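Observations on chain architecture
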Amino acid sequence: MSTKTETAAADRRLGEDLLVATDLQKHFPIRRGLLQRQVGAVQAVDGLTFSVKRGETLSLVGESGCGKTTTGRLLTRLIEPTGGKITLDGRDITHLSAGAMRPLRRDIQMIFQDPYGSLNPRHTVGAIIGAPFRLQKVKTEHGVKRAVQELLELVGLSPEHYNRYPHEFSGGQRQRIGIARTLALRPKVIVADEPVSALDVSIQAQVVNLMEDLQNEFDLTYVIIAHDLSVVRHVSDRVAVMYLGKIMELADRTSLYERPMHPYTVALLSAVPIPDTARRDNRERIRLSGDVPSPINPPSGCRFHTRCWKAQEVCKTTEPPLAELAPGHQAACHFPENTTKLTIDPTGSAA
Amino acid sequence: MITYIIRRLFAAIVLLFVVSAVTFAIFFLMPKLVGASPETLATRYVGRAATADTVRETAERLGFYDPIYVQYWDWAKGIFVGADYSYGTGVEHCPAPCLGYSFRNNQPVFPDLMDRLPVTMSLAVGAAVLWLLGGVAVGTLSALRKGTIFDRAAMSISLAGVSLPIFFTGLLSLSIFSYGLGWTAVGGSYVPFLDNPGEWAYNLLLPWITLALLFSAQYARLTRAGMLETMNEDFIRTARAKGLTERTVVVRHGLRGALTPILTIFGLDVGLLLGGAILTESAFSLQGLGKYAIDGITNYDLPKVMGVTILAAFFVVLANLVVDLLYAVVDPRVRAK
Amino acid sequence: MTQQEDTLGGAATRPPADNGAFLQVRELRVHFPTDDGVVRSVDDLSFSVARGKTLGIVGESGSGKSVTSLSIMGLHKKGTAKITGEILLDGQNLVGMAPDRVRQLRGKRMAMIFQDPLSAMHPFYTVGSQIIEAYRIHNKVTKAVARKHAIDLLDRVGIPNPKSRVDDYPHQFSGGMRQRAMIAMALSCDPDLLIADEPTTALDVTVQAQILDLIRDLQAEFNSAVVIITHDLGVVAELADDIMVMYAGRAVEYSSAADIFNSPQHPYTWGLLGSMPRLDRERTERLQPIKGTPPSLINVPEGCPFNPRCAYAGTNGDLSFTVRPEFRDVGGGHHIACHLEAQDRQRIWETEIRPKL
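Small disclaimer: the values here were computed from a predicted structure and weren't measured. (Residues numbered from 1 in each chain as written. Chains lettered and ligands numbered in written order. Predicted model: local features only at pLDDT ≥ 70, side-chain atom pairs only at ≥ 80, totals over all residues. Heavy atoms only, no water.)

Scanning chain B for helices and strands turns up 14 helices and two strands. With the principal axes as the frame, chain B shows a C-alpha extent of 85 × 55 × 40 Å. Within chain B, buried positions represent 43% of all 337 residues. Long-range pairs, those at least 24 residues apart, make up 63% of the contacts in chain B between residues at least 6 apart in sequence. Just so you have it, chain B exposes about 17,000 Å², and 69% of that area is on carbon and sulfur atoms. Here chain B holds 26 positive side-chain charges and 23 negative ones, and the gap between their average locations is 13 Å. (Helix = DSSP H or I, 4+ residues; strand = E, 2+ residues; numbered from the N terminus. Buried < 20%, exposed > 50% of the residue type's maximum accessible area, 1.4 Å probe, protein only. Contact = heavy atoms within 4.5 Å. Areas by Shrake-Rupley, 256 points an atom, 1.4 Å probe, with all protein chains shown as cover. Lys, Arg positive; Asp, Glu negative; His and termini not counted. Charge placed at Lys NZ, Arg CZ, Asp CG, Glu CD.)

Structural data, given as structure tokens:
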């Protein structure tokens, strides 16, 4: 396909590949019957290939069941991949044991959606944020307490909160505590699973801004998992749109939002309610019918064909490969929108 | 569903095997560990002035010289194919299911158990109905009137009910209601239901109430907790939003949701009680399975103990299975799996 | 537009005092006495909704928007909430009405859709039986007739194959279908007032769009008054004729939807608009969040409840810190509760807020 060197040169701000997933798979087995034989699998993640570049924010976006959360847990190796490969900073971490993974946990950290559920209610904030230091046996210059207090200030909390318990904080403050904890070991990559979706609108903005500030200050690389397309546009450099365990489209933010190629992306963007009454009646809407099919028996060919208004016979039989249809813009579709390219590459790029 | 039942039945058989083997091992292995020989074991089952020959003969007859697994195998085989027992004078056949003969009086165990089962069953089932109705009613009311005097009183009484042992409440109620006031039958008598239902109930009333009191306390607490949780569910709000009367909301939507966990415990409790309510039967001198088990234990009468144990385990396993199947009836989400 | 001088007195006070409206709420107060003090969940709230119109109530958690809806439906646990004021449903005051009379109105004249359709439906009963139950409380019909009605309703809300799906359990439905079934249940008695409390928050965005379309279509068909409660300004922009923004149990701004989006006048509304990234605008470098967190409803700040978080508190002397701003009409039925002078509001909106959205 088109030249990779061109895109890399075009965007010098982004560094080299830091986290790379190649044909990543996760199938959860379904067992039935007398002997509990495996009769099928939930194909939560089915062949993802993408890379996260140093210093960028890559977002995985999609509806429930698209596998974005599973992907996040695979990247942080909280679960074991069924197939494929993950490398972190050039090192293969696909099948590292929990023990072998431990030193690498300093480099890759995770922020969770639920700021209530992910903090131990019986530990003080100091103990929670200080835990990574103790677990990783990191020496701090002026002791753990001092380090924790610096982190608290960094995320906009008061150092005096050191001895308080999670329940004494609001949702937004708890998410700040969660962020402080992940920052403790100065990770290279932070995977954030719906970091703001449980928060009120006004608090969401605070946390989004905080994450941006921290990224600039510590050269963090983010993988953000989210369903809110507006937030994703605001925070991301590049965006991957997922559907039923596959990437449908992967592009830099501007081209994805301004020139979406995959019909699913087009439909997603069209479905987002716009806070502008003037647009209410003259807005062009694309309404998908039905719900997302089950990932146990995903549709044949292109997984989106059952809901796609452009679907043709070929979509039912042949799965379109994720191909670079414009520089830095990949889509997996037989009949993409917003492109001058031929719909199907006649030379046969079916990788 | 069918495969599920088959799997459960298979597990049940394995469980019964394990229970019987462990009981057997405890009974035989324990004395051996402290140095008992087949002869010393056998002396328990012969007269005081027995000769060494008689003792040996008895030990031989009871199979004490065989290795323990052979003894167990002989016992277990009897359940399926029956067994033959020699008396020296002749051989008697014990048809399957044969749970052996009492070491003490040479009576076959299985018919004895069947004789006593109705007593225990009457006691257990009657009490279960009482405690289920009483416990659930009190628990529901307590939940709906959380924090009121009724709630506090009910919960205090139920705490007392759980804490007080049956030989205390049983004997106390006997002395008051039977001996003092004469309202209920004095203990020890049992009239089969088919002979005279009225007498049957009259005789069992006090044991029922005493036993039910013990259990209903626990059920009241469970129901209360379950109802408090269920009545805060979103679907209760939906039911109210439809305009249903509070009564319908509580009974059709609340209780139905809260009762599922109660069902589990109920099945287990009834199953357990069918194996004999030792304390209650003793307190009221009812000749049930529990009493039989006590006799067996105090007389070192292994076949009796094994018989009751196996029967009790059977009921518990059966109750578990029934509960699981009921779950599927009650909760459509379970059915799907 | 409506950028006029404040008109004192109640000249054109369209939204809060529309006497012909089907639902009128006047000076509603809902207080919950607790051990820690009185939680003032709703404090002095007035609004109205006419048949065929949609009111959107927007606010963050703890703003009192859900408490308001539960008060209208009479769904607060008895004895826990102290409710004063008036809730007039077709002229009848629901506050102080015998609980059983309110119950008879529930489901029949006013119905409600909840946020999470999975937990809002009873897991042990079929979807059909739950709709049939809702219909049969208020209509003396046979089960067969009610079942036919339920199937018709499921068909109307877009459930494919309703004749067989009517016997499915909620867990056999997808999220979107469950919410459709909830809507069918709410509409079973053809209510005049429909309250939807975060009806699409638990749904995926493509399904959310379907449900919003459905609510809009059904309203046109049934001509009911609709109150839609949400934290998402996008959702109300799709549906609402009027919008009321709530903060700390009070209305801070209330006007037509177009006014709220085109010329908002309250700093809190500005804050909400600045907090959300928007797909319909150029991407901004920075979001403009509201500082701080919502107040405790037990210790609502003196003066304007929003003053600790307001960037403009103190612009007009120390009024913000001492005097509770009156909720008043500032022209054309646009109501706000703010001490800022009209020209200040105009200037701040034009020069500081709008350019950054």
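Attention now moves to helix α4 (residues 125-135) of chain A. All names here are of chain A. Residues Val125, Gly126, Ile128, Ile129, Gly130, Pro132 and Phe133 constitute the buried set of α4. Those residues of α4 hidden inside the fold are in contact with α5 (143-154) and α6 (171-183). Where α4 terminates, the next one or two residues include Lys137, which has phi positive at roughly 50 degrees.

Residues and elements named next belong to chain A. Note that Gln109 resides in strand β6 (residues 108-111). We classify Gln109 as buried; its relative accessible area is 16%. Engagement of the side chain of Gln109 in a polar contact is seen with the backbone oxygen of Arg105, the distance being 2.8 Å. The contacts of Gln109, once residues within four sequence positions are left out, are Thr76, Thr182, Leu185, Pro187, Val189, Ile190 and Val191. (Polar contact = N/O pair within 3.5 Å; in protein donor to acceptor, adjacent residues only side chain to side chain.)

Another aspect to go through is a nonpolar patch on the surface. Residue and element names in this part refer to chain B. A cluster of nonpolar side chains, namely Leu164, Phe167, Phe168, Leu171, Leu172, Ile176, Phe177, Leu181, Trp183, Ile278, Leu279 and Ile294, defines an oily patch on the protein surface of about 1,100 Å² accessible area. Sorting the residues of the nonpolar patch by element identifies α7 (166-180) and α11 (278-283) as the ones contributing at least two each. With six residues, the top contributor of residues to the nonpolar patch is α7. You can see Phe168 is positioned in helix α7. (Patch = residues over 30% accessible without salt bridge, like charges linked within 9 Å, V, L, I, M, F, W, Y side chains within 5 Å. Salt bridge = Lys/Arg side-chain N within 4 Å of Asp/Glu carboxyl O.)

Here the focus is the packing of helix α4 (residues 127-138) of chain C against helix α7 (residues 175-186) of chain C. Residues and elements named next belong to chain C. At a closest axis distance of 9 Å, the pairing of α4 and α7 adopts a crossing angle of 20 degrees. Here α7 runs roughly parallel to α4, going by the angle between their axes. Once α4 is placed against α7, the crossing between them reads as right-handed. Residue-level contacts link Val127, Gln130, Ile131 and Ala134 of α4 to Ala181, Ala184 and Met185 of α7. (Axes fitted to C-alpha atoms, helices over the stretch in contact; angles between N-to-C directions. Parallel < 35°, antiparallel > 145°, perpendicular 65-115°, else oblique. Left-handed = near helix turned anticlockwise from the far one by under 90°.)

To continue, consider the interface of chain C and chain B. With 24 residues of chain C at the interface, the matching set in chain B holds 23 residues. For the pair chain C and chain B, the two sides together bury roughly 2,300 Å², of which 59% comes from carbon and sulfur. Among the residues chain C hides against chain B, the three largest losses belong to Phe124(C), Tyr125(C) and Glu133(C). Together they make up 29% of the total. Between chain C and chain B we count two salt bridges in total. The residue Lys242(B) makes a salt bridge to Glu133(C) at a minimum N-O spacing of 2.8 Å. (Buried area = accessible area lost by both parts, 1.4 Å probe.)

Moving on to the packing of helix α5 (residues 109-144) of chain B against helix α8 (residues 197-230) of chain B. Residue and element names in this part refer to chain B. Across the interface, α5 lies against α8 with an axial gap of 5 Å and an inter-helix angle of 35 degrees. Here α5 runs over α8; the crossing is right-handed. Its residues assigned to classes, the contact of α5 with α8 shows 20 nonpolar, eight polar and one charged. (Nonpolar A, V, L, I, M, F, W, Y, C, P; charged D, E, K, R; others polar.)

Domain parsing of chain C yields domain 1 (121-190) and domain 2 (267-356). Look at where the C-alpha atoms of domain 1 of chain C and domain 2 of chain C centre, and you get two points 44 Å apart. (Domains from an automatic or database assignment.)

Residue and element names in this part refer to chain B. Residues Glu57, Glu60, Asp66 and Asp74 make up a contiguous surface patch of negative charge. For Glu60, the location among the structural elements is in helix α3 (residues 52-61). For Glu60, a relative accessible area of 55% corresponds to the exposed category.

What follows is about the packing of aromatic side chains. Throughout the structure, instances matching the rule amount to 17 aromatic pairs over all chains. For the pair Trp200(B) and Trp208(B), a centre-to-centre distance of 5.2 Å together with 75 degrees between the ring planes defines the contact as edge-to-face. One exposure class covers both Trp200(B) and Trp208(B), and it is buried. A ring pair is formed by Tyr247(C) and Phe306(C), whose centres lie 5.0 Å apart and whose planes are at 80 degrees; its orientation type is edge-to-face. Pair noted here: Tyr247(C) is in strand β9 (residues 242-247) and Phe306(C) is in the loop between α11 (267-275) and α12 (319-322), with a separation of 59 residues, a long-range link. Of the residues examined, Tyr247(C) reaches a relative accessible area of 3% and is grouped as buried. Here a set of aromatic residues connected by ring pairs shows up, and it is made of Phe17(B), Phe24(B), Tyr72(B) and Trp75(B). Sitting over the face of the ring of Phe150(B), Arg145(B) holds its NZ or CZ atom 5.9 Å from the ring centroid. (Phe/Tyr/Trp six-rings, centres within 6.5 Å; stacked < 30°, edge-to-face > 60°. Lys NZ or Arg CZ within 6 Å of the ring centre and 35° of its normal.)

In terms of nonpolar packing, the biggest core is built from 110 residues, with Leu23(C), Phe47(C) and Leu193(C) touching the most fellow members. Ranked by the residues each element gives to this core, the list is headed by α7(C), at seven residues. When we break this core down by domain, the ones giving at least three residues each are domain 1 (121-190) and domain 2 (267-356) of chain C. Once you skip the residues sitting within four places of it in the chain, Leu193(C) turns out to touch Phe22(C), Leu23(C), Ile72(C), Leu89(C), Arg109(C), Met110(C), Ala111(C), Ser224(C), Ala225(C) and Val227(C). Listed in part, the 67 residues of the second largest apolar core include Ile129(A), Ala147(A), Leu185(A) and Met211(A). (Core = buried A, V, L, I, M, F, W, Y, C linked by side-chain atoms within 4.5 Å.)

Time to look at the pairing of strand β1 (residues 23-34) of chain C. All names here are of chain C. When β1 meets strand β4 (residues 82-89), the two strands line up antiparallel, connected through seven bridges. In the sheet register, Leu23 faces β4, and the bridge partner there is Leu89. Where β1 and strand β2 (residues 37-49) come together, nine bridges link them in antiparallel fashion. In the sheet register, Thr34 faces β2, and the bridge partner there is Gly37. Counted between consecutive antiparallel strands, the loop separating β1 from β2 contains two residues. (Pairing = 2+ DSSP bridges.)

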